[in-house]
Amino acid sequence: MKKILYVLVMVVACSQNSLAQLNSKTHTVTLSINNILELDFDNTTQVLGFTFANAADFESGKTNLSAAGLRVRSNKPWTVSVKANTANFATSGGGDGNVLSSTLSVRKNGTTSAIALSTTDQALATGDRGGFGANTFQIDYIANPGYVTPATYTLGITFTVTAP
């Protein structure tokens, strides 16, 4: 009987001890996630100029493959758009003042569809959320101004990333 009483006392003592160890507390952690949408140039390559030196260049135009790289970092799907800053190229050295921005086209490298530039945003590329490593692409420039007066012509181009 003493053994049974001793075992019973031990069981009760252990169960009280176990109950004392089951005390717990909880925290609630909040993550406030803001939109991340960033566009940058991938400065590995930049071939932004064209030299028109012979008749074939004027007849067919010229293409700079992988002229520049762009990269996006975003936590949602994205679209990169492109537009010319002005309707015409600026000229120096007495060139033609009416060389339209549409004589320059841009396309995502590896695609066949080129966008003739205008002052209106046009979708160039789309992608999913991720960092620069997952969302990097090259662009090609295609110039075909025709027979214009010898001079230097420049055009500002704006790339914009948005979340649809």
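Just above sits the structure.
Residues numbered from 1 in each chain as written. Predicted model: local features only at pLDDT ≥ 70, side-chain atom pairs only at ≥ 80, totals over all residues. Heavy atoms only, no water.

A.B. asks: Tell me about the sheet that holds strand β7 (residues 122-127), and please be specific about residues and values.
C.D. replies: With respect to topology, 3 strands assemble into an open sheet ordered β7-β3-β10, the strand pairing being antiparallel. A strand with exactly one partner marks an edge of an open sheet, and here the two such strands are β7 and β10 (157-162). In this sheet, adjacent strand axes meet at a mean angle of 25° when their direction is disregarded. In this sheet, β10 lies alongside strand β3 (residues 78-84) in antiparallel orientation, the contact comprising 6 bridges. Pairing of Lys83 across the sheet is with Thr158, part of β10. (Pairing = 2+ DSSP bridges. Helix = DSSP H or I, 4+ residues; strand = E, 2+ residues; numbered from the N terminus. Axes fitted to C-alpha atoms, helices over the stretch in contact; angles between N-to-C directions.)

A.B. asks: Kindly report on the environment of Trp78, identifying the contributing residues and their values.
C.D. replies: By secondary structure assignment, the location of Trp78 is in strand β3. Overall, Trp78 belongs to the buried group, its relative accessible area being 3%. Note: C-alpha distance between Trp78 and Glu38 (40 residues apart in sequence) is 9.8 Å. When residues no more than four places from it in sequence are discounted, the contact partners of Trp78 are Leu37, Val72, Ala125, Thr126, Gly127, Asp128, Asn135, Phe137, Val161, Thr162, Ala163 and Pro164. At 3.0 Å, the side chain of Trp78 forms a polar contact with the backbone oxygen of Asp128. (Buried < 20%, exposed > 50% of the residue type's maximum accessible area, 1.4 Å probe, protein only. Contact = heavy atoms within 4.5 Å. Polar contact = N/O pair within 3.5 Å; in protein donor to acceptor, adjacent residues only side chain to side chain.)

A.B. asks: How would you explain the sheet that holds strand β5 (residues 104-108) if you had to name every residue and give the values?
C.D. replies: Reading across from one edge, β1-β2-β8-β5-β6 is the order of the 5 strands in this open sheet, with antiparallel pairing throughout. Among the strands making up the open sheet, the edge pair consists of β1 (37-46) and β6 (115-116). As defined by bridge partners, β1 adjoins strand β2 (residues 62-74) across 7 bridges and the pair is classed as antiparallel. Opposite Asp40, over in β2, you have Arg71 as the bridge partner.

A.B. asks: Got a sec to walk through unusual backbone geometry? Specific residues and values, please.
C.D. replies: The phi angle at Ser66 is positive, at roughly 50°, despite the residue not being glycine. A relative accessible area of 24% places Ser66 in the partly exposed class.

A.B. asks: Please set out the packing of aromatic side chains residue by residue, giving values where relevant.
C.D. replies: Summed over all chains, the structure comprises 5 aromatic pairs. Summarising the aromatic geometry, the rings of Phe58 and Tyr147 are spaced 5.3 Å apart at their centres and angled 10° between planes, so their arrangement reads as stacked. With Phe58 in helix α2 (residues 55-60) and Tyr147 in the loop between β8 (136-143) and β9 (152-154), this residue pair connects regions lying 89 residues apart in the sequence. Owing to a relative accessible area of 57%, Tyr147 belongs among the exposed residues under this scheme. Each ring, one from Trp78 and one from Phe137, has its centre 6.2 Å from the other, and the planes form 10°; the classification is stacked. Of this pair, Trp78 sits in strand β3 while Phe137 sits in strand β8; the two residues are 59 residues apart in sequence, bridging distant segments of the chain. Like Trp78, the residue Phe137 is buried in the burial classification. (Phe/Tyr/Trp six-rings, centres within 6.5 Å; stacked < 30°, edge-to-face > 60°.)

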